[in-house]
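Each chain is listed here by its residues.
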Amino acid sequence: MFERKEYPRPQFRRENWQSLNSEWEFAFDDKNEGIKSGLWQGKKALPLKINVPFTYEYPASGVGDAAQHDVVWYRRSFALAEGNGGSRALLCFNAADYQTDVWLNGVHILTHTGGFTPFSADITDILKEGENVLVVRCEDTLNDAVPRGKQSWTGSPFSCFYVPNTGIWQSVWLEFFGEDCIAEHLLLCDYDKTELYGELVTLYGLADEAEIVVTFDGKLIKRERLTLRGRHNRYRFALPKDYTDDYSWSPENPRLLYVDFALYKGGKQIDLAHTRIGMRKISVDEHGKICLNNRPYYQRLVLDQGYWQESGLTPPSAEALRKDIELTKAMGFNGARKHQKLEDPYFCYYAEELGFLTWCEMPSAYRFCAEETAAITKEWQEIVRAGRNCTSNVCYVPLNESWGAREIATDERQK
């Protein structure tokens with residue numbers, strides 16, 4: 001049986017968490033009657049079983065039905081693991097395709113639209129002691145005006161387009177924090193000035209201080225304390241310049257700085273998360289050559305579509321992604337354009353660690369219209385936010401060839 005039990009978001013890791021992967025109840029809703037019949041209340045058992053986070057179309061899910069089903073439902077119960085009671089709790093999804101609605105104990109938690117990006121919600125006030133019932137509804141039609149990537153929209157695979165992935169296709173989990181937490185972060189480097197900068201966005205704006213601790217090769221090199229005012233707070237600080245040559249990141253020398261973000265309220269730590277960054281710069285010189293760390297750098301890339309025969313878009317394991325990168329490097333390449341997909345977070349995580357350049361690409365839609373324009377604009381912003389903190393990401397591809405804009409050469413609207 002395929003399992004995904006590792007911490008799902010390695011590039012921003014909290015220590016207290018609980019996996020919700022593995023077996024869920026599952027149902028097809030081909031007549032779209034589930035809401036009317038009250039499936040969202042969580043009181044009715046569903047007839048099938050599915051192995052989350054694998055989708056029903058592929059064998060790894062335990063279902064293996066390649067037919068099109070526009071609406072699917074999931075249900076599972078859980079209790080909080082010992083030691084997590086009393087903390088606030090986030091319910092987190094790395095990705096579900098395409099429109100997702102979530103209920104906990106009969107209360108609607110969230111609606112998320114988009115097939116490739118993460119989303120979460122604070123569920124603390126709805127949690128019960130003992131058993132909690134989580135219900136998820138996903139609707140994913142063959143609409144060719146929304147981002148699909150390499151998923152077929154004809155009802156069957158054709159050419160280079162594959163059997164779709166419907167519903168939850170990346171990990172689901174809980175993580176725990178105090179009165180406030182970091183809801184979003186930006187961590188970038190100014191290579192020439194040897195500085196780190198970015199933004200911390202807290203969930204509730206209750207934290208009054210933050211501390212950023214930077215270590216390299218196990219040694220403390222910077223501790224920065226910030227006074228917070230409201231939810232959005234920018235920061236910028238210099239690192240010791242005598243470290244500059246030692247901690248430059250490149251595919252040949254993938255050195256990483258480890259960074260801890262902590263939030264405080266009244267002197268008490270209420271959130272802690274761990275991440276990392278490589279000091280690197282991408283630029284273009286006067287001859288039009290792409291440079292890495294101010295030197296021309298030739299990118300030898302593969303086009304990586306990120307599909308597995310047994311599991312579709314979902315990597316069968318985090319280790320499978322690491323192996324892909326190791327094999328690609330062994331063949332003499334130094335990077336990959338991840339084609340038509342925002343990949344599982346472990347792809348860029350291992351790319352950082354192993355020294356591998358990555359290009360981040362928008363999954364295409366295939367019919368130019370107002371709906372396509374709105375859907376791509378919304379999800380592309382979410383993809384860039386998800387990918388911008390990855391050291392390995394050196395290029396962003398918003399449009400592949402002319403997919404979804406076939407008359408771009410002659411139609412002013414499409415231009």
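Heads up: these notes are all about the structure in this document. (Residues numbered from 1 in each chain as written. Predicted model: local features only at pLDDT ≥ 70, side-chain atom pairs only at ≥ 80, totals over all residues. Heavy atoms only, no water.)

1. Description of unusual backbone geometry
Then step 1. With an omega of 20°, the peptide bond running from V52 to P53 counts as cis.
Then step 2. Structurally, P53 can be placed in the loop between β3 (48-52) and β4 (71-78).
Then step 3. We note that N32 has phi near 55°; this positive angle belongs to a residue other than glycine.
Then step 4. Mapped onto the elements of the fold, N32 is located in the loop between β2 (22-28) and β3.
Then step 5. Unusually for a residue other than glycine, N294 sits at a positive phi of about 70°.
Then step 6. Here N294 lies in the loop between β21 (290-292) and β22 (295-296).
Then step 7. Taking relative accessible area as the criterion, N294 reaches 39% and is therefore assigned partly exposed. (Helix = DSSP H or I, 4+ residues; strand = E, 2+ residues; numbered from the N terminus. Buried < 20%, exposed > 50% of the residue type's maximum accessible area, 1.4 Å probe, protein only.)

2. Quick notes on the packing of helix α1 (residues 318-330) against helix α2 (residues 345-354)
Then step 1. Two numbers describe how α1 lies on α2: the axes approach to 9 Å, and their chain directions differ by 45°. As the angle between them shows, α1 and α2 are arranged oblique. The hand of the α1/α2 crossing is right-handed. Residues A318, E319, L321, R322, I325, E326 and K329 of α1 touch α2, and the partners they reach there are Y346, F347, Y350, A351, E353 and L354.
Then step 2. Partitioned by chemical class, the residues of the contact of α1 with α2 number 8 nonpolar, no polar and 5 charged. (Axes fitted to C-alpha atoms, helices over the stretch in contact; angles between N-to-C directions. Parallel < 35°, antiparallel > 145°, perpendicular 65-115°, else oblique. Left-handed = near helix turned anticlockwise from the far one by under 90°. Contact = heavy atoms within 4.5 Å. Nonpolar A, V, L, I, M, F, W, Y, C, P; charged D, E, K, R; others polar.)

3. Describing α2
Then step 1. The element α2 is extensively covered by neighbouring structure, given that 9 of its 10 residues are classed as buried.
Then step 2. Taken as a whole, α2 has its buried residues at P345, Y346, F347, C348, Y349, Y350, A351, E352 and L354.
Then step 3. Contact partners of the buried residues in α2: β19 (268-277), β23 (301-304), α1, β24 (335-338), β25 (357-361) and β26 (393-397).
Then step 4. Among the residues of α2, the N-terminal cap falls to D344, whose side-chain oxygen and the backbone nitrogen of Y346 are separated by 2.9 Å. (Polar contact = N/O pair within 3.5 Å; in protein donor to acceptor, adjacent residues only side chain to side chain.)

4. Observations concerning the packing of aromatic side chains
Then step 1. Going through the model one piece at a time under the given rule, you end up with 28 aromatic pairs.
Then step 2. A centroid spacing of 4.9 Å and a plane angle of 10° characterise the contact between F93 and F119, whose relative ring orientation is stacked. Linking F93 in strand β5 (residues 88-93) with F119 in strand β9 (residues 119-122), this pair joins segments that are 26 residues apart in sequence. Across the pair, F119 and F93 agree in class, each one buried.
Then step 3. Here the aromatic rings of F347 and F356 are separated by 6.5 Å at their centres, their planes lie at 90°, and the arrangement is edge-to-face.
Then step 4. Residue F356 is classed as buried on the basis of its relative accessible area, which comes to 1%.
Then step 5. Each residue in the set W24, F26, F28, Y56 and Y74 is aromatic and connected to the rest through ring pairs, giving one cluster. (Phe/Tyr/Trp six-rings, centres within 6.5 Å; stacked < 30°, edge-to-face > 60°.)

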